[in-house]
Amino acid sequence: MSEIILHHYELSPFAEKIRTVFGLENLAWRSAEVVPFPPRPLLAVLTGGYRRIPVLQIGADIYCDTNIILAALDRLHSSPPLYPAGS
Ligand SMILES: N[C@@H](CCC(=O)N[C@@H](CS)C(=O)NCC(=O)O)C(=O)O
């Protein structure tokens, strides 16, 4: 299993949502801090130009948008799931 890396900055409320889930689920993760405002040239290479924060990286897979990130974490780690069955 590849490690979980969150590209984020401290004051981002959307990143805080993901950091909170890391805590709730007791997940080990690594932090890649970025500047609050673009340009972020190194991250842009990974995201194909998506400019919002946070971005989740698991190995070579990149997840943009917190709804996508939470669904990915749910598939990989959550028990019980973050989202109720069928939602
Ligand atoms: N729908 C996105 C929204 C993320 C978002 O708006 N993040 C803010 C920082 S908290 C951002 O990057 N804003 C800069 C922009 O919209 O260009 C998500 O859920 O991840």
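Our subject is the structure listed above.
Read on for a plain summary of the structure. These figures come from a predicted structure and were not determined experimentally.

1. As for the site of the ligand
The immediate surroundings of the ligand are formed by Tyr9, Ser12, Pro13, Phe14, Tyr50, Arg51, Arg52, Ile53, Pro54, Asp65 and Thr66. Here a nitrogen atom of the ligand and a backbone polar atom of Ile53 are 2.8 Å apart. Starting from 510 Å² of accessible surface for the ligand in isolation, the protein chains cover 78%. Considering only residue class, the shell around the ligand consists of six nonpolar, two polar and three charged.

2. Quick word on the pattern of salt bridges
In total, this model carries two salt bridges according to the counting rule given. Glu3 is the partner of Arg30 in a salt bridge, and the nearest nitrogen-oxygen pair spans 2.7 Å. With Arg30 in strand S2 (residues 30-33) and Glu3 in the segment before strand S1 (4-8), the pair connects residues that are 27 residues apart, well separated along the chain. Glu3 gets classed as partly exposed once you look at its relative accessible area, which sits at 43%.

3. Thoughts on unusual backbone geometry
Cis geometry marks the peptide bond from Pro38 to Pro39, where omega comes out at 10°. Geometrically, the link from Ile53 to Pro54 is a cis peptide bond, its omega value of 10° lying close to zero. Checked against the element boundaries, Pro54 lands in the loop between helix H2 (41-47) and strand S3 (55-58). We note that Asn26 has phi near 55°; this positive angle belongs to a residue other than glycine. Looking at where Asn26 falls in the secondary structure, it is placed in the loop between helix H1 (13-24) and S2. Given a relative accessible area of 71%, Asn26 falls into the exposed group. Despite not being glycine, Asp65 shows a phi value in the positive range, around 90°. Among the structural elements, Asp65 can be located in the loop between strand S4 (61-64) and helix H3 (66-77).

4. Here we look at H1
In this model H1 runs 16 Å from its N-terminal to its C-terminal C-alpha over 12 residues, within 8% of the 16 Å that 1.5 Å per residue would give. Residues of H1 that are buried include every one of Ala15, Ile18, Arg19, Val21 and Phe22, and no others. Across the axial projection of H1, the buried residues extend over an arc of 155°, all falling on one side. Exposed side chains of H1 directed beyond 90 degrees from the buried face belong to Pro13, Gly23 and Leu24. Tucked inside the fold, the buried residues of H1 contact S1, S3 and H3. Asn26 sits one or two positions beyond H1 and adopts a positive phi of about 55°.

Calculation criteria
Residues numbered from 1 in each chain as written. Predicted model: local features only at pLDDT ≥ 70, side-chain atom pairs only at ≥ 80, totals over all residues. Heavy atoms only, no water. Near = heavy atom within 4 Å. Polar contact = N/O pair within 3.5 Å; in protein donor to acceptor, adjacent residues only side chain to side chain. Areas by Shrake-Rupley, 256 points an atom, 1.4 Å probe, with all protein chains shown as cover. Nonpolar A, V, L, I, M, F, W, Y, C, P; charged D, E, K, R; others polar. Salt bridge = Lys/Arg side-chain N within 4 Å of Asp/Glu carboxyl O. Helix = DSSP H or I, 4+ residues; strand = E, 2+ residues; numbered from the N terminus. Buried < 20%, exposed > 50% of the residue type's maximum accessible area, 1.4 Å probe, protein only. Expected span 1.5 Å × (residues − 1). Arc of directions from axis to C-beta. Contact = heavy atoms within 4.5 Å.

The analysis is restricted to geometry; functional conclusions fall outside its scope.
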